[in-house]
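These are the residues of each chain, in order.
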Amino acid sequence: MNAPQSEPFSEDFNVVLLGNLNPAIFHPEWFCRHGLIGPEATAEADISVVSPQVTEIDIGHIHLQCLDNRMVVRTSRSTHTEQLLDLVRGILSILPHTPLIAAGINHDAHYRVGTELQWHSIGHQLAPKTLVWDKVCTEPGMLKLTINSPRIDWDYPLDENFTVEPYGRNHAKHPAIIVRANTHFTVPSEFTDAKWHVTDVVSTFVETQWKYATTRARTVASKIFESIQS
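Residues numbered from 1 in each chain as written. Predicted model: local features only at pLDDT ≥ 70, side-chain atom pairs only at ≥ 80, totals over all residues. Heavy atoms only, no water.

Trainee: Run through a nonpolar patch on the surface, naming residues and quoting values.
Mentor: A contiguous nonpolar surface patch, about 440 Å² in accessible area, is contributed by Leu131, Val132, Trp133 and Val136. With respect to the element layout, Val136 can be found in helix H5 (residues 133–136). Note on Val136: relative accessible area 58%, which makes it exposed. (Patch = residues over 30% accessible without salt bridge, like charges linked within 9 Å, V, L, I, M, F, W, Y side chains within 5 Å. Areas by Shrake-Rupley, 256 points an atom, 1.4 Å probe, with all protein chains shown as cover. Salt bridge = Lys/Arg side-chain N within 4 Å of Asp/Glu carboxyl O. Helix = DSSP H or I, 4+ residues; strand = E, 2+ residues; numbered from the N terminus. Buried < 20%, exposed > 50% of the residue type's maximum accessible area, 1.4 Å probe, protein only.)

Trainee: Quick one: what's the story with helix H4 (residues 116–126), residue by residue and with numbers?
Mentor: When H4 is considered as a whole, its buried residues turn out to be Gln118, Trp119, Ile122 and Gly123. All buried residues of H4 lie within an arc of 145° about the axis, which places them on one face of the element. Taken together, the buried residues of H4 touch strand E8 (158–166), strand E9 (176–186) and helix H7 (216–229). (Arc of directions from axis to C-beta. Contact = heavy atoms within 4.5 Å.)

Trainee: Kindly report on the packing of aromatic side chains, identifying the contributing residues and their values.
Mentor: According to the stated counting rule, one finds 10 aromatic pairs in the structure shown. Between Phe9 and Tyr167, the ring centres sit 5.2 Å apart and the planes meet at 75°, which makes this aromatic pair edge-to-face. Here Phe9, found in the segment before strand E1 (10–19), pairs with Tyr167, found in the loop between E8 and E9; they are 158 residues apart in sequence, far enough to count as distant. Overall, the relative accessible area of 29% leaves Tyr167 in the partly exposed class. Taken together through their ring pairs, the aromatic side chains of Trp154, Tyr156, Phe185 and Phe205 make up a single cluster. (Phe/Tyr/Trp six-rings, centres within 6.5 Å; stacked < 30°, edge-to-face > 60°.)

Trainee: A description of the sheet that holds strand E3 (residues 54–59) should follow, citing residues and the corresponding values.
Mentor: Strand-to-strand pairing in sheets goes through backbone hydrogen bonds, with the strands running parallel or antiparallel. Here we have nine strands laid out as an open sheet, ordered E2-E3-E4-E5-E1-E6-E9-E8-E7, and antiparallel in their pairing. Every interior strand has two partners, whereas the edge strands, strand E2 (46–50) and strand E7 (145–151), have only one. Each strand of the sheet is rotated relative to its neighbour by a mean of 15°, with strand direction disregarded. Note: E1 against strand E6 (residues 100–112), 10 bridges, orientation antiparallel. Paired with Asp12 across the two strands is Asp108, which belongs to E6. Along the sheet, helix H3 (residues 81–94) contacts E1, E3, strand E4 (62–67), strand E5 (70–75) and E6; its crossing angle with E5, the most-contacted strand, is approximately 155°. Each of E1, E6, E7, E8 and E9 touches helix H6 (residues 198–213); the most contacted strand, E6, lies at about 15° to it. (Pairing = 2+ DSSP bridges. Axes fitted to C-alpha atoms, helices over the stretch in contact; angles between N-to-C directions.)

Trainee: Let's hear about H6: which residues, and what values?
Mentor: Along its 16 residues, H6 runs 21 Å from first to last C-alpha, staying within 8% of the 22 Å computed at 1.5 Å per residue. Glu207 marks the point of greatest bend in H6, at about 30°. For H6, the full list of buried residues reads Val198, Thr199, Val201, Val202, Phe205, Val206, Gln209, Trp210 and Ala213. (Expected span 1.5 Å × (residues − 1). Bend = angle between axes of the 7 residues up to and from the residue.)

Trainee: Can you lay out the state of the cysteines for me, pointing to particular residues and giving the numbers?
Mentor: According to the stated counting rule, one finds zero disulfides in the structure shown. Here Cys32 stays free of any disulfide, with the sulfur of Cys66 as its closest cysteine sulfur at 19 Å. Looking at Cys66, the relative accessible area reads 0%, which means it is buried. (Disulfide = S-S within 2.5 Å.)

Trainee: With reference to specific residues and values, describe the pattern of salt bridges.
Mentor: The tally for this structure, following the rule as stated, stands at 11 salt bridges. Here Arg74 ties to Asp12 by a salt bridge, and the two come within 3.2 Å at their closest N and O atoms. Linking Arg74 in strand E5 with Asp12 in strand E1, this pair joins segments that are 62 residues apart in sequence. Using a relative accessible area of 14% as the deciding quantity, one classes Asp12 as buried. Arg89 is the partner of Glu207 in a salt bridge, and the nearest nitrogen-oxygen pair spans 2.7 Å. Taken together, the residues span a long stretch of sequence, with Glu207 in helix H6 and Arg89 in helix H3 at a distance of 118 residues. By relative accessible area, Glu207 is classed as partly exposed at 38%. Salt bridges sharing partners connect three or more residues here, namely Arg151, Asp153, Glu160 and Arg216.

Trainee: Before we move on, can you summarise empty space enclosed by the protein with the specific residues and values?
Mentor: All chains considered together, the criterion is met by one cavity of 30 Å³ or more. Its boundaries defined by the atoms lining it, the largest cavity holds a volume of some 40 Å³. In this structure, the largest cavity is lined by Leu17, Leu21, Phe26, Met71, Ile91, Leu92, Leu95, Thr98, Leu100 and Thr199. Partitioned by chemical class, the residues of the lining of the largest cavity number eight nonpolar, two polar and no charged. (1 Å grid on protein atoms, 1.4 Å probe; cavity = no way out; pocket = protein on both sides within 12 Å on 5 of 7 lines; lining within 4 Å. Points joined across faces, edges and corners; volume = space filled by probe spheres on them. Nonpolar A, V, L, I, M, F, W, Y, C, P; charged D, E, K, R; others polar.)

Rendered as structure tokens:
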């Protein structure tokens, strides 16, 4: 029986900021003016749109999308995660009065599964069918499973959310799965007081949790593959 890939064939890393944001300011020239990127990166940046409603730009291998209530900064290159982290650090330090309400660190990992039988075995072990679904469905199959886990090991409560789902449509020829890990931080109510800089605690969250949060999808995948080989 073919073994699943021990390493993901692709990954995605991103930071999400939720709050009251101003998309129009996030032009590559703004990042350059504040020393977050250089003139060469500014000149080569790909601008899809910069407007009061939405900004979407690519700076090298970093993609930034900003709406008035949500910003996502992402990369699919593991070699560029430090650059992504530096960009988020810079945004938070330059805009200390931004009223943020939550932040998240997300790690997605995509894995080939050795055979279609192993692919089905993952769904059967994570979501058993015999208890309920075989009795009410014909050929039930798992489309998506999400598990929530609260964390109390940091200064403020965090939530981890893990999702496993099939990858792609041609499962018989190329069986694969996506494992998603989300580390979520809701800004405590005391930081709504004007004397606090909300971005300080969000920056601390990103700084202290980044390394751990961006390994969690691999950790879960490793446990999944251990189960189907045992």
